Amino acid sequence: MEMEKLVSLCKRRGFLFQSSEIYGGINGFWDYGPLGVELKRNIKEAWWRDMVTSHDELSVVAGAPASYEMTGLDCTIIMHPQVWKVSGHYDLFSDRMVDCRETKGRYRYDQLRGQWVEAKGRRVFVTTNAEADDEADDLRRRALKVFRLRNKDADALVWDGPIVSLETVDDFASVFAPQASKVGTLTEPREFNLMLDCYPGPIKDEKNRAFLRPETAQGIFVNFKNVVDSTRVRVPFGIAQVGKSFRNEITPRNFTFRSREFEQMEIEFFCHPDTSTAWYKFWRDRRFRWYQDLGLAGERLQLRDHDPDELSHYSTGTADIEYAFPFLPEGEYGELEGIAHRGDFDLRSHMEGKLNPETNPLEVELGENGKPKYKGSGRDLTYRDDLSNERFTPHVIEPSAGADRATLAFLCEAYCEDEQPSEKGKLETRVVMQLHPRIAPIKAAIFPLVKKDGMPEVAKDIYRAMKKQFPAFYDEKGAVGRRYRRQDEAGTPYCITVDGQTLTDQTVTIRDRDTLKQWRVKIDDVVDEIATRVS
Ligand code: GAP
């Protein structure tokens with residue numbers, strides 16, 4: 001599937017719009033249209049229901065080491081700034097970037113790619129900021145420009161080695177930056193913190209500086225004690241949260257994949273240190289299955305365990321659930337969700353102060369007033385098991401998913417084209433979004449075959465009955481074939497048609513979006529039949 005086709009369908013049918021489009025848009029921000037908002041809500045609701053509300057804490061779920069409880073939270077986006085100092089985000093949550101002195105362009109050091117090329121006795125590292133597909137073409141064009149060569153002289157370019165990251169280059173004086181007109185305009189790389197700041201209150205000064213959360217997870221850690229004290233949950237248990245997060249990404253790109261405002265669906269699962277590895281494996285497999293069950297069943301989805309040398313010392317495992325998005329080069333995958341074994345790192349940090357993430361001891365850095373700069377809360381965030389009387393700091397397993405990336409992956413997977421005969425018998429390309437019925441924005445569309453003979457009245461009654469249970473759509477405009485096509489593009493799994501026969505035998509046809517099979521059911525049964533199929 002070509003990404004352009006999906007992007008254009010998303011705009012045309014109201015799944016996704018560029019934010020503030022009438023003012024030229026704003027980079028890294030996206031709006032969900034009428035269909036998109038339903039799709040994303042359905043994904044978040046499926047996650048919440050499957051992970052939290054319908055979880056059966058009385059039984060042992062298949063693959064789990066024991067039974068466990070699940071509960072939820074909804075924390076604020078702006079939190080006490082100390083949260084981010086202690087969590088490490090204030091100091092460490094950064095990407096390295098380079099600036100172009102000429103164009104004022106700003107690029108991620110690890111993402112800017114290019115190739116060494118020689119001509120006219122000079123060797124230059126030509127960079128490209130183009131998306132993967134046209135990288136080689138863009139490099140050729142830029143190389144011709146820097147050496148002032150014509151298209152027909154392209155043979156004079158001697159390419160040296162493959163396309164590589166700017167990180168491999170020592171000699172910045174030889175780098176030809178994207179869009180620049182001369183060589184050597186890039187600055188040395190420097191750290192760029194990804195947290196967006198804000199100044200709550202009337203005075204805009206350093207004392208009042210706060211941050212928009214870059215992850216929802218910290219709200220859960222700092223409320224761990226509140227949840228234990230206010231409910232009867234016992235370890236092992238998980239706390240789930242869905243909400244907005246913000247990151248000042250240097251180069252937002254690939255549609256909604258890397259945005260500056262996005263939504264996360266995170267679980268912090270608290271367990272005994274002795275069983276944490278078993279819980280980690282359970283969550284890794286459980287989360288992978290969740291995507292498969294909702295339709296990401298093919299080879300484009302993969303579970304990738306991190307190599308042991310990629311892990312922090314406190315972690316016994318981290319895995320990513322990845323999807324081969326069509327905008328990535330062949331064979332590359334993008335992260336949908338990370339499942340991390342975090343040990344007791346987070347709870348201990350919030351008790352004791354900023355811990356060094358690599359070695360885990362407390363790092364006491366003194367501020368100007370001589371007091372420790374990264375003081376923890378000083379609160380006791382340990383847990384006492386009331387049966388065994390054991391006191392310990394729980395270990396944490398963190399399945400952390402992005403709602404926007406999941407939505408994008410489901411959209412990519414759903415896009416499908418086939419050939420179908422039109423009403424006049426000619427073969428036409430049909431675009432169909434094969435979304436799983438659980439997440440499809442509209443569950444059924446109801447059409448009267450013609451706008452007369454009492455058919456609209458019957459169809460409207462069915463529509464009203466359906467609307468009480470699930471999102472449905474009534475359409476009486478245009479040829480019925482065209483109405484089917486519109487619903488195929490919206491991903492509506494079922495279309496119901498009221499026709500001449502309905503008036504004599506009280507039955508309607510149901511048409512299946514994917515198989516195109518049609519069958520008749522009694523009017524009285526149609527709502528229940530669709531409800532069962534889409535639940
Ligand atoms: N608490 C752990 C954490 O936040 P992360 O890997 O940085 O981990 C988790 O983020 C998930 O959030 C990612 O797997 C991705 O789905 C989503 N995510 C992160 N940055 C994003 C961005 N800039 N745009 C869209 N989604 C993003």
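Cut-offs applied
Residues numbered from 1 in each chain as written. Predicted model: local features only at pLDDT ≥ 70, side-chain atom pairs only at ≥ 80, totals over all residues. Heavy atoms only, no water. Pairing = 2+ DSSP bridges. Helix = DSSP H or I, 4+ residues; strand = E, 2+ residues; numbered from the N terminus. Axes fitted to C-alpha atoms, helices over the stretch in contact; angles between N-to-C directions. Contact = heavy atoms within 4.5 Å. Phe/Tyr/Trp six-rings, centres within 6.5 Å; stacked < 30°, edge-to-face > 60°. Buried < 20%, exposed > 50% of the residue type's maximum accessible area, 1.4 Å probe, protein only. Domains from an automatic or database assignment. Buried area = accessible area lost by both parts, 1.4 Å probe.

Description of the sheet that holds strand E16 (residues 318-323)
Here comes step 1: Spatial strand order, E3-E13-E14-E20-E17-E16-E15: 7 strands in an open sheet with mixed pairing. Edge strands, defined here as strands with exactly one partner in the open sheet, are strand E3 (69-72) and strand E15 (301-305). Strand-to-strand twist in this sheet, taken as the mean axis angle between neighbours without regard to direction, amounts to 20 degrees.
Here comes step 2: In the sheet, strand E13 (residues 237-246) pairs with strand E14 (residues 261-271) via 10 bridges, with the strands oriented antiparallel. Bridge pairing in E14 links Gly238 to Phe269.
Here comes step 3: Contacts from helix H8 (residues 276-293) reach E3, E14, E15, E16, strand E17 (334-343) and strand E20 (395-402) within the one sheet, and its direction differs from that of E17 by about 165 degrees.

Some thoughts on the packing of aromatic side chains
Here comes step 1: Taken as a whole and judged by the stated rule, the model has 25 aromatic pairs.
Here comes step 2: Ring centres of Phe269 and Trp279 lie 4.7 Å apart, and the angle between their planes is 50 degrees; on these two criteria the pair is classed as tilted. Of this pair, Phe269 sits in strand E14 while Trp279 is found in helix H8, placing the two residues 10 residues apart along the sequence.
Here comes step 3: By relative accessible area, which is 0% here, Phe269 ends up buried.
Here comes step 4: What makes Trp279 buried here is its relative accessible area of 2%.
Here comes step 5: Centre to centre, the rings of Phe282 and Trp283 are 5.2 Å apart; their planes meet at 70 degrees, and the pair counts as edge-to-face.
Here comes step 6: You can call Phe282 buried: its relative accessible area is 4%.
Here comes step 7: What links up through ring pairs into an aromatic cluster is the set Tyr68, Phe269, Trp279, Phe282 and Trp283.

A short note on the domain arrangement of the chain
Here comes step 1: One can read the domain layout of the chain as domain 1 (3-93 + 195-344 + 380-410), domain 2 (96-192) and domain 3 (442-534).
Here comes step 2: Each of domain 1 and domain 2 was reduced to a C-alpha centroid, and the two centroids are 36 Å apart.
Here comes step 3: With 10 residues of domain 1 at the interface, the matching set in domain 2 holds 10 residues.
Here comes step 4: Note on domain 1 versus domain 2: buried area summed over both sides is about 860 Å², and carbon and sulfur give 46% of it.

Brief notes about the pairing of strand E21 (residues 415-421)
Here comes step 1: Bridge count for E21 against strand E22 (residues 427-433) is 7 bridges, and the pairing is antiparallel. In the strand pairing of E22, Glu417 is matched with Val431.
Here comes step 2: Taking the residues between adjacent antiparallel strands as the criterion, E21 and E22 are bridged by 5 residues, where Gly425 takes a positive phi near 90 degrees.

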